[in-house]
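Structural features, examined
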Amino acid sequence: MQKAIHYHANHGSMRRHFFRKFMKAARPLAGDAVGKVTSKPWLDLEPLENRMLLSAVVFQPQQTFASGVYPTSATVAELGNGEPDLVVCNLTAGTVSVLLGHGDGTFAAPQAYPVGDNPDALVVGDLGNGHPDIVVTNFQSNSLSVLLGNGDGTFQPAVSVPVGSGPDALALADLGDPHPDIVVANSNDNTVGILRGNGDGTFQAQTTLPTGAQPDSVAVASLGNGMPDILVTNRGNNTLGVYLGTGGDTFASAVTYATGNQPQSIAVGMFNSNMGVAVANVQDGTVGVFLGNGAGAFSSQQTYMVGTFPYDVLATSLGSGTIDLVVANEGDNTLGVLQGNGDGTFQAQTTFPTEAGPTSVAAADLGNAMIDLIASNSSSGSVSVLLQGTAETTTTLTSSANPSVAGSSVTFTAIVKAPVATPTGTVVFYDGTTELGSGVSLSDGSASISVSTLPIGSDLITADYSGDATNVASSTSLTQTVTQPSLNVSAHLSGAATTSVIAGTPLKLKDKLTLAPASAAISGNAMAKILLSPDQTASSSVATLSSLHARLKLKAGKSRAFALHFPRTLAGVAAGNYNVLVQLTDTTGAVSTINSGQTIMVIAARTDITGSFVKFTPPKKAGQKVIVTFLITNSTAANVPADGFLSYKIGETPDAQVADVVTVDSRKVHVNLKPGKSLRITRAEPIHQSSYLAVELDPGFVDFANDANQANNTFVATNAVTVPAT
């Protein structure tokens, strides 16, 4: 599906010097996206819908694209690729360049097509083959070049069509046949030539209408009479000629209106409720506006100052809902925008820079849902693309030192970038919601601020860019880590490098803490905590082993040792390796954590509970119980008591194999055994057959050394007990 593109009035102009000829952009015929002639037999202005309404028109800085040698005219058309494309006349190269669009305001490299000598004006439209075609005026060749389109952005070789001498501008319109026809201004002949189209890309020989001296631009529009009318500017005698259509493809004699000095370009538009005309007066630096009466007649011109050497004028709506004027100021290297007030008057021009020598201007939506501007820059061999609206920006933020120390200076730098131009404006820096200083102006897209008052911890630093006339605002943040300042107190912890302790047993530490000035003498209160941590951070500590408050008054080079009081046991500390840390708050209130270099290995409390038979008394007759006596012993090598409930099972096995034990009784008993101590247990058990006795132990109060292997928990008598038969 083709993208709808809106085009505007169609005209051309020239300056009389072989290598210094200027031509404003020719516009495709109003109608569909490729300029196909509609039911109206003249060039008309389409209403522009769904455009963003702007109180002041803003354009982004130009993007430039190489086009060819000395481009004098450019237009926009969709050539079959579904995107707005550019077509450019290259005067001294004798070519037409096609720059296929990407749909985002950018274009591919130009593809050149040879035409005649000094091509200076062009139009794009469907000449009857269903594709967009190109028609070019060749000033030195006294001809037109017709390039039929293939519908894919490429074109067939140019076919020459003879016209009058010095063809300088042209318009494409249906003058009533109903095929696309061509109206051409023959500057050296002082005529307007009319070439009737055959509907297949070919044309009949021209017929002519007399004009004033050196006609330089031409347009076709209905001025209120319901028929196509022709308008011509005559540069040689400073007049505007109006040829009203009389029907039957004929035109009345010209009615002329005085213009400014050297009228070079013409634009037609609904400046109020009627069709009006704007003329670019090159030597005066003005645009003359003629308001129509709705019947083909016009008032005297009202002039508006523009730039130096305005070589082209365009009438279009840039989004306000009224018709605006855009001027190519060749001497100033600018495009001037005069916003329309809707009553036939215009505001003072606002200018936007181009490259050197803008001689034509075109307008179209290049993909951003706004009307954008395109200028051909004859002296630069380029076209300038000015996208309407503001550009997106990106802001990056860096810190000169992250993390930083409280009280030290940190410089934050914001870099703001835009797709084309370097952004201007200001950046405001924040710590959280607190503004840091005041707004900082951008210099070459950069703004910096230095601060030394950030609070200790994690600070969210934000840089907010304000935006400017052509660039939108943007923002970014970073997290700045601010640490305590370096201490003026050093600490040393005495004691063995590595200490082992069994969980739950006494902790036998006798360390001392020695404090000394880090540099100069110190005086004031200090606080120290001895922490146990699986890593080297105080936040991960699992226990505070000791703490002290000390009043210090020490000269440089002196120190003071403090005895530390440690807990009796490490209750609730899991087995593992731990670092001993000193968390020190010095006399300035600064807090720091020092790794003492000591480690404590906490060993899990485990017990070896073993059992052994003392004796068993067999029954004297069948049905009696066996009296069993056995010992439960705490065999742990370390000083770990066995304190808690212990379950045991008494069973029998015919072959002294643990796997074949059958339980005959289960019991639970409370034990409290120091290492090496035993508990004697005697039980009477119903043993029904001669077998070996067995006891299985399951202590539930501590880790049991034999838990991993159930067979190791069971002890079996070495001799079988004999039970009388029934």
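Basis of the calculations
- Residues numbered from 1 in each chain as written.
- Predicted model: local features only at pLDDT ≥ 70, side-chain atom pairs only at ≥ 80, totals over all residues.
- Heavy atoms only, no water.
- Helix = DSSP H or I, 4+ residues; strand = E, 2+ residues; numbered from the N terminus.
- Buried < 20%, exposed > 50% of the residue type's maximum accessible area, 1.4 Å probe, protein only.
- Contact = heavy atoms within 4.5 Å.
- Areas by Shrake-Rupley, 256 points an atom, 1.4 Å probe, with all protein chains shown as cover.
- Pairing = 2+ DSSP bridges.
- Axes fitted to C-alpha atoms, helices over the stretch in contact; angles between N-to-C directions.
- Core = buried A, V, L, I, M, F, W, Y, C linked by side-chain atoms within 4.5 Å.
- Polar contact = N/O pair within 3.5 Å; in protein donor to acceptor, adjacent residues only side chain to side chain.
- Salt bridge = Lys/Arg side-chain N within 4 Å of Asp/Glu carboxyl O.
- Phe/Tyr/Trp six-rings, centres within 6.5 Å; stacked < 30°, edge-to-face > 60°.
- pLDDT = per-residue confidence, 0-100.

Within the protein chain one finds zero helices and 55 strands. Residue burial in the protein chain is summarised as follows: out of 726 residues, 50% are buried. Contacts in the protein chain between residues far apart in sequence, at least 24 positions, make up 55% of those at least 6 positions apart. Accessible surface, the protein chain as shown: approximately 29400 Å² in total, 51% of it carbon and sulfur.

This brings us to the sheet that holds strand S52 (residues 678-685). With respect to topology, three strands assemble into an open sheet ordered S48-S49-S52, the strand pairing being antiparallel. On the outer flanks of this sheet lie strand S48 (609-617) and S52, each paired with one strand and no other. Taken pair by pair, the neighbouring strands of this sheet meet at an average axis angle of 20°, ignoring direction. Relative to S52, strand S49 (residues 626-634) is paired through eight bridges, and the arrangement is antiparallel. Across the sheet, residue Ile627 finds its bridge partner in S52, namely Ala684.

So, about the sheet that holds strand S45 (residues 576-585). Here five strands make up an open sheet; going across it, the order is S40-S46-S45-S42-S43 and the pairing mixed. Edge strands, defined here as strands with exactly one partner in the open sheet, are strand S40 (498-502) and strand S43 (543-554). Taking each pair of neighbouring strands and ignoring which way they run, the sheet shows an average axis angle of 25°. The pairing of S45 with strand S46 (residues 591-603) spans nine bridges and is classified as antiparallel.

Turning our attention to the nonpolar core. Residues Leu513, Ile530, Leu532, Leu545, Leu552 and Ile600 are the most contacted members of the largest nonpolar core, which totals 28 residues. Looking at this core, the elements that each hand over two or more residues are strand S39 (489-493), strand S41 (512-517), strand S42 (522-533), S43, S45 and S46. Among the elements that make up this core, the one with the highest residue count is S43 (six residues). Judged by nonpolar contacts, the second largest core, of 21 residues, contains Ile681, Val695, Leu697 and Val721.

With that settled, the discussion passes to the pairing of strand S10 (residues 167-173). Of all seven residues that make up S10, seven are buried, and the element is covered over most of its length. Judged from the six bridges that link them, S10 and strand S11 (residues 181-186) form a sheet pairing that is antiparallel. Paired with Leu172 across the two strands is Ile182, which belongs to S11.

Right, let's get into unusual backbone geometry. In this chain, Asn402 is followed by Pro403 through a cis amide linkage whose omega measures 10°. One can find Pro403 in the loop between strand S31 (394-399) and strand S32 (404-405). In this model, Asn333 sits at a positive phi of 55°, which is unusual for a non-glycine residue. Position of Asn333 among the secondary structure elements: in the loop between strand S25 (324-329) and strand S26 (334-338). Accessibility expressed as a relative area gives 28% for Asn333, which makes it partly exposed. Despite not being glycine, Ala656 shows a phi value in the positive range, around 65°. On the secondary structure map, Ala656 appears in the loop between strand S50 (642-653) and strand S51 (662-673). Using a relative accessible area of 29% as the deciding quantity, one classes Ala656 as partly exposed.

Before going further, it helps to spend a moment on the environment of Gly164. Here Gly164 lies in the loop between strand S9 (159-162) and S10. Judged by its relative accessible area of 6%, Gly164 is buried. For the pair Gly164 and Gln206, spaced 42 residues apart in sequence, the C-alpha separation works out to 8.4 Å. Other than its neighbours up to four places away in sequence, Gly164 contacts Asn142, Asn186, Asp189 and Gln206.

Let us now look at the side chain of Thr470. Considering the arrangement of structural elements, one finds Thr470 in the loop between strand S37 (457-465) and strand S38 (474-483). On the basis of relative accessibility, which here comes to 17%, the residue Thr470 falls in the buried class. At a separation of 3.4 Å, a polar atom in the side chain of Thr470 contacts the side chain of Asn471. In this structure Thr470 touches Val58, Phe59, Gln60, Pro61, Gly389, Thr390 and Ala391, once residues within four positions along its chain are discounted.

Attention now moves to the pattern of salt bridges. Per the counting criterion, the structure on display carries four salt bridges. Here Arg667 and Asp665 are joined by a salt bridge, their closest N and O atoms 3.2 Å apart. Of the charged contacts in the structure, one is a salt bridge between Glu685 and Arg683, with a shortest N-O distance of 3.5 Å. In this structure Glu685 comes out as buried when scored by relative accessible area, which is 1%.

Before going further, it helps to examine the environment of Leu99. The residue Leu99 is located in strand S4 (residues 95-99) in this model. The class of Leu99 is buried, set by a relative accessible area of 0%. A C-alpha to C-alpha distance of 9.4 Å links Leu99 and Pro84, two positions 15 residues apart in sequence. With near-sequence residues (within four places) excluded, Leu99 lies in contact with Phe65, Ala66, Asp85, Leu86, Val88, Phe107, Ala108, Pro110 and Val383.

Here we come to the packing of aromatic side chains. Counting across every chain of the model gives ten aromatic pairs. Between Phe59 and Phe352 the ring centres are 5.2 Å apart and the planes differ by 75°, which places this aromatic pair in the edge-to-face class. A residue pair is termed long-range when its members are at least 10 positions apart, and Phe59 in the segment before strand S1 (63-66) and Phe352 in strand S27 (residues 350-353) qualify at 293 residues. The pair formed by Phe59 and Phe352 is uniform in burial state, with each residue classed as buried. On the numbers, 5.9 Å between centres and 85° between planes, the contact of Tyr113 with Phe155 is edge-to-face.

Position of Asn90 relative to the elements: it lies in strand S3 (residues 84-90). By relative accessible area, which is 0% here, Asn90 ends up buried. A distance of 2.8 Å separates a polar atom in the side chain of Asn90 from a polar atom in the side chain of Ser97. Not counting chain neighbours up to four residues away, the residues in contact with Asn90 comprise Ser67, Gly68, Val69, Tyr70, Pro71, Thr95, Val96, Ser97 and Pro119.

Moving on to the confidence of the model for the protein chain. Taken residue by residue, the protein chain gives an average pLDDT of 83. The fraction at 70 or more is 87%. A low-confidence stretch, residues 1-54 stays under pLDDT 50, and its non-local contacts, those more than four residues away or across chains, total 240 contacts.

Relative to the helices and strands, Leu397 resides in strand S31. Remark: the alpha-carbon pair of Leu397 and Ile461, spanning 64 residues in sequence, is separated by 8.8 Å. When near neighbours in sequence (up to four residues on either side) are disregarded, Leu397 contacts Phe412, Thr413, Ala414, Phe429, Ile461, Thr462, Ala463, Thr476, Ser477 and Leu478.

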